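# Reading the structure
Residue strings, one per chain:
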Amino acid sequence: MNTEQIVRTFVEYFEERGHRRVTGSTLLPPSGDPVLFTTSGMHPLTPYLLGRPHPLGRRLVNVQRCLRTTDLEEVGDDTHLTVFEMLGSWSLGDYEGPQSLDWGHRLLTEGLGIDPSLLYVTVSAGDQQTGPDTDSLRLWQERGVPVELTVEDNWWSNGPVGPCGPDSEIFLWSGDTPPRSTPTRDDRWVEVWNHVMMRHRRLEDGSLVPLPQRSVDTGLGLERLACLLQGKSSVFDCDVFEPWRRLVPPLWPLDEPSLRLVLDHLRSSVVVVGDGVRPSNTGQGYVLRRLLRRVLTVLWRDEPSRTLGDLPDELLSHTLDHFRQDVDPAEVRPVLLDEERRFGRLMERGRQLLARPRFQGPLRDEDFHYLHDTHGLPRDLVLSLREE
Ligand code: SER
């Protein structure tokens, strides 16, 4: 099943159960929002989880592109991507957690054909403030799914304040052997779907107050599920990377970890540019700048003449189409090339500066400050130039 089929199956399943599809929002949260990018499907729905009536009603379904920089260092492993898609379903003060889990289990097993014996779930054991999530526990026991109880792993919030609650996570076995152990003890159990019982709101002072309505927020990582359904061991091998894997290695032969970084960051950059961000030294633009400069650092390490100008059009259009962005690839390419030129000039200036006698010995903090404040050379760039 390719990702488009998974999306269709998911959305139709929930539409048949009275959910209305919300148009997926961009990666850019509305102005005034404290976070730089949308990090989960629920993010744009926060006001409605806090109690505001949603114009489409109490049952919603969505496909939302998300960007997480917290996972940037983990990019390159088998399960993390910077930009990914989250399929989500919501009950806004309508049905409760057990109904959501029951539908979730049926969709995975009957709708998507997953062998039920490859599933394991986690449920909140509770703490002094909130008791154990007995409703979820009972549902899973009725359905014969093995359960692991945890405290911290089964609490979800989108930040220090705001809506939050206990969650129940569904894991799928990815190993070559029959399933063994439990999700917290064996990482071959891959988390695919999180169901959050949004019942509380965390205030500035850390206390919890009940939300005016009890909601359910679920999020399923599309690429992770696609890779498991397609029998692949890494998200970089699922169908959305097919043209990238076919076209990039002949262009730039790279080892697998470098290739994964280049694929992830370039694909993410195309989407971020498609949502209207331009490289800069602050905020969203800085994240884009970092993504592109990490790509260029890797590409130029082996061969300084490599250029993003060689990136085939097919990759730009495939990515923009996949994320349903109505943007001409011809608008994206100049942004990438402009940043490449700026970075190239900065590298050249850095090399000249670092050749000065003053910088021949070990660099002190004041050297880094001077290079950054007077010449715009970030510390990590200086360090990588010193390694050349
Ligand atoms: N908000 C939860 C998550 O991002 C479920 O959608 O995992």
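Here the structure is shown first, and the text comes after it.
Scope of this entry: the structure provided in the associated data block. (Residues numbered from 1 in each chain as written. Predicted model: local features only at pLDDT ≥ 70, side-chain atom pairs only at ≥ 80, totals over all residues. Heavy atoms only, no water.)

Attention shifts here to the layout of surface pockets. If you add up the space inside the second largest pocket, you get close to 720 Å³. Along the walls of the second largest pocket sit 22 residues, with R293, F343, P378, D380 and L381 positioned nearest its centre. Among the elements of the structure, α8 (283-302), α10 (329-354) and α12 (379-386) are those that each provide at least two residues to the lining of the second largest pocket. Among the elements that line the lining of the second largest pocket, the one with the most residues is α8, at eight residues. (1 Å grid on protein atoms, 1.4 Å probe; cavity = no way out; pocket = protein on both sides within 12 Å on 5 of 7 lines; lining within 4 Å. Points joined across faces, edges and corners; volume = space filled by probe spheres on them. Helix = DSSP H or I, 4+ residues; strand = E, 2+ residues; numbered from the N terminus.)

This next bit is on the packing of aromatic side chains. The full count for this structure, using the stated rule, is 10 aromatic pairs. Relative to F14, the ring of Y13 lies with its centre 5.5 Å away and its plane at 80°, an arrangement referred to as edge-to-face. Both residues of the pair, Y13 and F14, count as buried. For the pair Y95 and W103, a centre-to-centre distance of 4.9 Å together with 75° between the ring planes defines the contact as edge-to-face. An identical accessibility class is assigned to Y95 and W103; each is buried. Put simply, the rings of F10, Y13, F14 and W193 touch in pairs and so form one group of aromatic residues. The lysine or arginine in question, R17, covers the ring of Y13, its NZ or CZ lying 3.6 Å from the ring centre. A cation over an aromatic ring shows up here: R267 above the ring of F241, its NZ or CZ 4.9 Å from the ring centre. (Phe/Tyr/Trp six-rings, centres within 6.5 Å; stacked < 30°, edge-to-face > 60°. Buried < 20%, exposed > 50% of the residue type's maximum accessible area, 1.4 Å probe, protein only. Lys NZ or Arg CZ within 6 Å of the ring centre and 35° of its normal.)

Bringing the nonpolar core into the picture now. Ranked by internal contacts, the top residues of the largest apolar core, which has 93 residues, are W193, W252, L266 and L308. In contact with W252, other than residues within four places in its own chain, are V262, L266, L299, R306, T307, L308 and L311. Membership of the second largest hydrophobic core comes to 12 residues, among which are V22, W90, W156 and V196. (Core = buried A, V, L, I, M, F, W, Y, C linked by side-chain atoms within 4.5 Å. Contact = heavy atoms within 4.5 Å.)

Along the polypeptide, W103 turns up in helix α3 (residues 97-111). Taking the relative accessible area as the measure of exposure, W103 reaches 12% and is therefore buried. In this structure the C-alpha to C-alpha distance between W103 and F14, which are 89 residues apart in sequence, comes to 8.7 Å.

This next bit is on the side chain of T130. With respect to the helices and strands, the residue T130 is situated in the loop between β4 (119-124) and α4 (134-142). Judged by relative accessible area, which is 10%, T130 ranks as buried. In this view, T130 contacts W155, H200 and L208; residues no more than four positions away in its chain are not counted.

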